[in-house]
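What follows is each chain in one-letter form.
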Amino acid sequence: MIDEIIKNQRNFFDSGNTLDVKTRLSYLKKLKAAIIENEVKICTALKKDLGKSASEAYMCEIGMVLEDLSYQIKHLKGWVKPERKRSPMAQFPSSSYILPSPYGCTLIISPWNYPFLLSLQPLIGAVGAGNTVLLKPSRFSKHTSAVIKELVGSVFPPEYAAVVYGDDGLSQKLLEYKFDYIFFTGGARVGKSVYVQAANNLTPVTLELGGKSPVIIDKTADINLAAKRVAFGKFLNAGQTCVAPDYVLVHESVAKQFANSLKVWIEKLFPDALENEDYGKIITQRHFDRLLSLICGNVYYGGNSDSGKLKIEPTVIYPASPDDAAMREEIFGPVLPIIEYSTEEKMFSVIEANRTPLALYLFTTKKSTEQKVFSHVQFGGGCVNDVVIHLASTSLPFGGVGNSGIGSYHGKKSFETFSHFKSVLKKSNLIDMPVRYTPYTKFKDKLIKFFMK
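Peer 1: I tried to follow the sheet that holds strand β9 (residues 247-251) on my own but got confused; where do I start?
Peer 2: Two orientations exist for strands paired in a sheet by backbone hydrogen bonds: parallel and antiparallel. The strand order across the open sheet formed by seven strands is β10-β13-β14-β9-β8-β15-β16, and the pairing between neighbours is mixed. With one partner strand each, in any of the chains shown, β10 (299-301) and β16 (381-384) form the two edges of the open sheet. Neighbour-to-neighbour, the strand axes of this sheet turn through a mean angle of 25°, independent of strand direction. In terms of strand pairing, β10 meets strand β13 (residues 315-317) through two bridges, oriented antiparallel. What sits directly across from Tyr-301, in β13, is Val-316. On the sheet, helix α12 (residues 344-352) packs against β8 (214-217), β9 and β14 (335-341) and is oriented at approximately 170° with respect to β9. Across the sheet, helix α13 (residues 367-376) lies against β8, β15 (359-363) and β16, angled at about 165° from β15, the strand it touches most.

Peer 1: How do you make sense of the packing of helix α4 (residues 54-79) against helix α5 (residues 117-128) when you look at a structure like this?
Peer 2: In a packed pair of helices, the relevant descriptors are the angle between the two axes and the axis-to-axis distance. At a closest axis distance of 9 Å, the pairing of α4 and α5 adopts a crossing angle of 10°. By the angle between their axes, α4 is roughly parallel relative to α5. In contact with Cys-60, Glu-61, Met-64, Val-65, Asp-68, Leu-69, Gln-72 and Leu-76 of α4, α5 contributes Leu-117, Leu-120, Gln-121, Ile-124, Gly-125 and Gly-128. Taken together, the residues that form the contact of α4 with α5 break down as eight nonpolar, four polar and two charged.

Peer 1: Honestly, helix α2 (residues 21-37) in this entry has me stumped. Any pointers?
Peer 2: Quick reminder: α-helices carry 3.6 residues per turn. Residues three or four places apart thus point the same way. Here α2 is 17 residues long and its end C-alpha atoms lie 24 Å apart, about the 24 Å a rise of 1.5 Å per residue gives. If you check which residues of α2 are buried, you get Val-21, Arg-24, Leu-25, Tyr-27, Leu-28, Leu-31, Ala-34 and Ile-35. Of the surrounding secondary structure, the elements contacted by the buried residues of α2 are α3 (39-50), α4, α5, α6 (142-155) and α14 (412-417).

Peer 1: Explanation requested: the pairing of strand β7 (residues 205-208) in the structure shown.
Peer 2: The two faces of a sheet get side chains in turn, since along a regular strand they alternate between them. Side chains of β7 alternate between two faces, with Val-205 and Leu-207 and Thr-206 and Glu-208 buried alike. By the bridge criterion, four bridges tie strand β6 (residues 181-185) to β7 in an arrangement that is parallel. What sits directly across from Phe-184, in β7, is Leu-207. Crossover handedness for the path β6 to helix α8 (residues 188-200) to β7: right-handed. Bridge count for β7 against strand β18 (residues 405-406) is two bridges, and the pairing is antiparallel. Pairing of Leu-207 across the sheet is with Ile-406, part of β18.

Peer 1: Explanation requested: the sheet that holds strand β1 (residues 83-85) in the structure shown.
Peer 2: Ordered in space as β1-β2-β20, the three strands form an open sheet in which the pairing is antiparallel. Single-partner strands in this sheet number two, and they are β1 and β20 (419-427). Taken over all neighbouring pairs, the strand axes of this sheet differ in orientation by 25° on average, direction set aside. By the bridge criterion, three bridges tie β1 to strand β2 (residues 94-102) in an arrangement that is antiparallel. Bridge pairing links Lys-85 to Ser-96 in β2.

Peer 1: How do you make sense of α8 when you look at a structure like this?
Peer 2: The end-to-end C-alpha distance of α8 is 19 Å, a good match for the 18 Å that 13 residues give at a rise of 1.5 Å each. Contacts made by the buried residues of α8 are with α7 (169-174), β6 and β7. Leu-202 sits one or two positions beyond α8 and adopts a positive phi of about 50°.

Peer 1: Teacher, can you tell me more about the environment of Arg-84 here?
Peer 2: Structurally, Arg-84 is set in strand β1. In this structure Arg-84 comes out as exposed when scored by relative accessible area, which is 60%. Linking Arg-84 and Ser-96, residues twelve residues apart in sequence, is a C-alpha distance of 6.0 Å. Once residues within four sequence positions are removed from consideration, Arg-84 is found in contact with Ser-95, Ser-96 and Tyr-97.

Peer 1: For this particular structure, what's the right way to read the nonpolar core?
Peer 2: Here is a general trend for soluble globular proteins: nonpolar side chains tend to be buried in one another's company. Ranked by internal contacts, the top residues of the largest apolar core, which has 120 residues, are Leu-31, Ile-35, Leu-123, Phe-156, Ile-217, Phe-258 and Leu-262. For this core, the leading source of residues is α4, giving ten residues. Counting 20 residues, the second largest nonpolar core, distinct from the first, contains Val-164, Leu-175, Phe-179 and Ala-198.

Peer 1: Whenever I open this one, the pairing of β15 confuses me. Can you help?
Peer 2: Among the five residues that make up β15, five are buried, leaving the element largely enclosed by the rest of the structure. Where burial is concerned, the two faces of β15 agree: the one with Ala-359, Tyr-361 and Phe-363 and the one with Leu-360 and Leu-362 are both buried. Across three bridges, the pairing between β8 and β15 is parallel. Residue pairing across strands places Ile-216 opposite Leu-362, the latter belonging to β15.

Peer 1: Hey, could you run me through a positive patch on the surface in this one?
Peer 2: The grouping of Lys-22, Lys-29, Lys-77 and Lys-81 at the surface amounts to a positive patch. For Lys-81, the position within the fold is in the loop between α4 and β1. When its relative accessible area of 56% is taken as the criterion, Lys-81 is described as exposed.

So, how was this worked out
Residues numbered from 1 in each chain as written. Predicted model: local features only at pLDDT ≥ 70, side-chain atom pairs only at ≥ 80, totals over all residues. Heavy atoms only, no water. Pairing = 2+ DSSP bridges. Helix = DSSP H or I, 4+ residues; strand = E, 2+ residues; numbered from the N terminus. Axes fitted to C-alpha atoms, helices over the stretch in contact; angles between N-to-C directions. Contact = heavy atoms within 4.5 Å. Parallel < 35°, antiparallel > 145°, perpendicular 65-115°, else oblique. Nonpolar A, V, L, I, M, F, W, Y, C, P; charged D, E, K, R; others polar. Expected span 1.5 Å × (residues − 1). Buried < 20%, exposed > 50% of the residue type's maximum accessible area, 1.4 Å probe, protein only. Right-handed = clockwise from strand over helix to strand, strands pointing away. Core = buried A, V, L, I, M, F, W, Y, C linked by side-chain atoms within 4.5 Å. Patch = residues over 30% accessible without salt bridge, like charges linked within 9 Å, V, L, I, M, F, W, Y side chains within 5 Å. Areas by Shrake-Rupley, 256 points an atom, 1.4 Å probe, with all protein chains shown as cover. Salt bridge = Lys/Arg side-chain N within 4 Å of Asp/Glu carboxyl O. Lys, Arg positive; Asp, Glu negative; His and termini not counted. Charge placed at Lys NZ, Arg CZ, Asp CG, Glu CD.

Below, the structure is given as structure tokens:
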């Protein structure tokens, strides 16, 4: 079946069926209408897979997809136009332009933690850029994956966009095929495998990975507001967010105050978490067990769990140490270590041990601190005096660096990610400057040096 889908998508693309911008827009509009019509079904699936409330499902998944669709639909006609560029005098008379063109047949492999958002957002960019799409969502979020397959199948013919999902071996099998672009969201271990497989076919990739994203809180920060925003961003989706705060570095003079405020806000935002229907669950038993193994040391708050419901309370480890189990890997769950620092050097040393995080969050009122942190630390993206919300902006490219990924997307950047930009210089036939042709003379050399300097 996969052989046939890929073959048909190749033929569909080669026949030029995806090139007309009106065709692309019509399908994006159909997709938007289908999402709106099936909102309840999508919310129900997300509830079954991850325990998400309808409000969280819309705010963090459905609404963000609709925003991206609206942005693409509004701007796509402008993006596909050739971009005029200045031609050098040495090439007079001529005109130059850059022409965006689709790669061709694309493969998108998406994760389980935001299964609707992280499947549909890259698909929107791929379709907007004029590609065909084979989408492989996660088998762990099986209810949402089933809805995605039904939704995409109702909008697109399979030769344009199709959804396949199955056991662990499916992704590996798909990577054996020749695609023109691969977009992967997931963990670094699998991301490395995708990169190796893509290299075998010289296929360009985007890798959206993760890492240990720090929160830095200096002594000038609004501590109560910082605690509120960190609690929201960390324990959203039960901590299963790629840009969730992974640990907090807080100045020793305000550390206790922050820990106390954090506890207050956890209780306000996620009361009685194990029984709270609006608080999410852990995706699998294996992931649940792994997270429990990280809860050790100085448990300042939480730590309780319910294996039957796959729920773990928001848990705070304070004071934590860089040597704690929770600091040895990306947590990806509702466990938050708080580490005190006394000097900027000590703070930077902890971040350096967990290089190139996907996100970094800084709470400060000092512009000089902001400039120093942002110039010293490599990270994908982040916020000042907030967490995670940079992810929701269609005007900001989202992606990692180093161990946290390659490439970026969102808004116009999604269109650019799935496009190759052809550089074209169009020469006039009316005049043919003889200076470039042999035999070369001193006069020609002077002209060349005049124009090319």
